[in-house]
Every structure is written in C-alpha cells, then in structure tokens.
Amino acid sequence: MSAAAPLAVEGLSAGYGATEIVEGASFAVPAGGRLAVLGRNGVGKTTLLAALMGLARRQAGRILLDGRDIAGLATPERARLGLGYVPQTRDVFRSLTVEENLIAGLKDRPRAALDEAYAMFPRLGERRRQTASLLSGGEQQMLSTARTVLGRPRVLLLDEPLEGLAPVICDELMAALHRLTESGSMTILLVEQQIERAFDFAPETIVMDRGRIVWSGPTAALRGDRDAVERHLGVGSFR
Ligand SMILES: Nc1ncnc2c1ncn2[C@@H]1O[C@H](COP(=O)(O)OP(=O)(O)OP(=O)(O)O)[C@@H](O)[C@H]1O
Ligand SMILES: [Mg+2]
C-alpha cells in the first residue's frame, strides 16, 4: 500500500456563516508535490486555503493530512500537525523586530536555523533589528513567508506570496521553495496571480471558478491549451 498523500481534500465545501463559497473541492498532493491553485479574483482561492487552515467554516467534506482527517481540529492544532499558512494579508507581528518575528516561526528548531531565512531573503538579514511595522510591503511579504517556512511545515499553503516583490526576488523565492520540495519533505500549494510563474513552479494545477474546481491536471496540459487558459483565467493572463 502506498503512503497517504500529505494532503488530500475530499468534497470540501466551505464559506462564511451560511454562505457557501467553495463547493465540493477534491484534490490530493503527493509528497514533495507542488500544486498551483489559479483563478480569477473572488473565485474562492483564499477561502479554500482558509478552510484548510480552519479559518473559514467547513460545511462538508474531509481534509486529510497524512491520512488523518483534520477538518474538526482548531487552527493551532492543524499548524502543530504540519500545516503552514502564509496569508494574502502578510501576517507579521508589527511591533516585533524582523529577527523576533523569525524566532517566533522557529517552533522547536535551533536558533541557527535563522540563517536559512537570511539566505532566502538577504534583505531580511540587513533589516534584522528593524521593527516589522517599518518594513516596506515587499519586505513584510518576505518576512511572512520566511517565518512560516522556518517552521518546516509538511504542507505549505501560500496565498499570493509574490505580490509586491521585485522580479529578481520572485525568481529567488520560487527557486528556494522549489528546493524545499525536492527532498519530498515539504508539499506546497501555491495560489498566485502571476500565472506564468505559477506554471513554471507547479507540475500540477487546479483552476477555480465561482467556488468550484473547473480544471485540474498537469500544468503542461493547461499551458498548451490556450482556449482553457483564456476561458478560465481570462484573456491577457499571459505576460
Ligand atoms: N470573511 C468573509 N465573509 C464573507 N464573505 C467573504 C469573506 N471573505 C471572502 N468572502 C467572499 O468570498 C468570495 C471568494 O473570496 P476569496 O477571497 O476566497 O477569493 P479569491 O479567489 O482569493 O480572490 P482574489 O484573487 O481577489 O484574492 C468573494 O465573493 C468574497 O466576497
Ligand atoms: Mg485571495
């Protein structure tokens, strides 16, 4: 029998209060897998990630982390079991310094692991004593991402991590995330509006429209299907 996928979602419906936003989502990501979650604005990508993390209300379905259904667990418990989340809203402790923010992300890893964050984003090393509220938007994005990655989650949920970052930093971040998945110890779900970068990063893609998964499969197949790209992602998605 093969090992359970790090993340498997079965018939997940979720939303806010009684409002259903995500409807019947099913997919799985293998160990070391990289999955892009694409779609126009407002189709439910953030709600899907929030539901996985326990921050949006699940109305039906199962969320399996290494084969265990976590759908009934509170958010901190999901984090403890290995789900990492970098929200679209750049989650930093504004009154703490860069380094203090990163230390909060270490969990039980040694302090020396901070160097991994500074290698990923040298800019954070230069600003390690700076209060997070004084960072630029792009720097806060780096800090939010680095803090979560430092905790070495089994499954990392990234909601538009490239927003506000300069192109060269985007390249470096994508390469660093790619390396993290290569050993098979981390699995990544990437929500991204930069379609070409998401295509380059993820071998598998799901596309959402109005709360439903309307396309899923190998990224190469979607990339080669200009009609599907235009239908689901909108004309002009390609740079
Ligand atoms: N806290 C909330 N309460 C009620 N409705 C919400 C809430 N957050 C989002 N929604 C609604 O859920 C729908 C999907 O929003 P969501 O943020 O998941 O979309 P998205 O695909 O991430 O969009 P974007 O690409 O703009 O980030 C939208 O219609 C939005 O208005
Ligand atoms: Mg969103």
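Please read these numbers as outputs of a predicted model, since none were measured by experiment. (Residues numbered from 1 in each chain as written. Chains lettered and ligands numbered in written order. Predicted model: local features only at pLDDT ≥ 70, side-chain atom pairs only at ≥ 80, totals over all residues. Heavy atoms only, no water.)

Student: Mind showing me how you'd approach the side chain of Thr 145 here?
Tutor: For Thr 145, the position within the fold is in helix α6 (residues 137-150). Apart from the residues within four sequence positions on either side, Thr 145 is in contact with Val 86, Phe 121, Leu 158, Pro 161 and Leu 173. (Helix = DSSP H or I, 4+ residues; strand = E, 2+ residues; numbered from the N terminus. Contact = heavy atoms within 4.5 Å.)

Student: I keep staring at the sheet that holds strand β3 (residues 34-38) and nothing clicks. Help me out?
Tutor: Strands pair in a sheet through their backbones, by hydrogen bonds, and they do so in one of two ways: parallel or antiparallel. The mixed open sheet is built from 6 strands, whose spatial order is β6-β7-β8-β3-β9-β10. Sheet topology places β6 (83-86) and β10 (212-218) at the edges, where each strand pairs with a single neighbour. Averaged over all pairs of adjacent strands, the angle between their axes in this sheet comes to 15°, without regard to strand direction. Relative to strand β9 (residues 204-209), β3 is paired through 4 bridges, and the arrangement is parallel. For Ala 36, the partnering residue across the bridge sits in β9 and is Thr 205. (Pairing = 2+ DSSP bridges. Axes fitted to C-alpha atoms, helices over the stretch in contact; angles between N-to-C directions.)

Student: Looking at this structure, how should I read the domain arrangement of the chain?
Tutor: Interfaces are often described in size by the accessible area the parts lose on coming together. Domain parsing of the chain yields domain 1 (1-82 + 153-239) and domain 2 (90-150). Look at where the C-alpha atoms of domain 1 and domain 2 centre, and you get two points 24 Å apart. Each side of the interface is counted separately: domain 1 has 15 residues, and domain 2 has 10 residues. With both sides pooled, the region where domain 1 packs onto domain 2 buries about 930 Å², and carbon together with sulfur makes up 72% of that total. In this structure, the connection of domain 1 to domain 2 is made through 0 salt bridges. Across the domain 1-domain 2 interface, the total number found is 2 residue pairs in polar contact (both at pLDDT 80 or more). Contributing elements (two or more residues each) for the side of domain 1 that touches domain 2: β7 (155-159) and α7 (167-182). Broken down by element, the residue count for the side of domain 1 that touches domain 2 peaks at 5 residues, all from α7. (Domains from an automatic or database assignment. Buried area = accessible area lost by both parts, 1.4 Å probe. Salt bridge = Lys/Arg side-chain N within 4 Å of Asp/Glu carboxyl O. Polar contact = N/O pair within 3.5 Å; in protein donor to acceptor, adjacent residues only side chain to side chain.)

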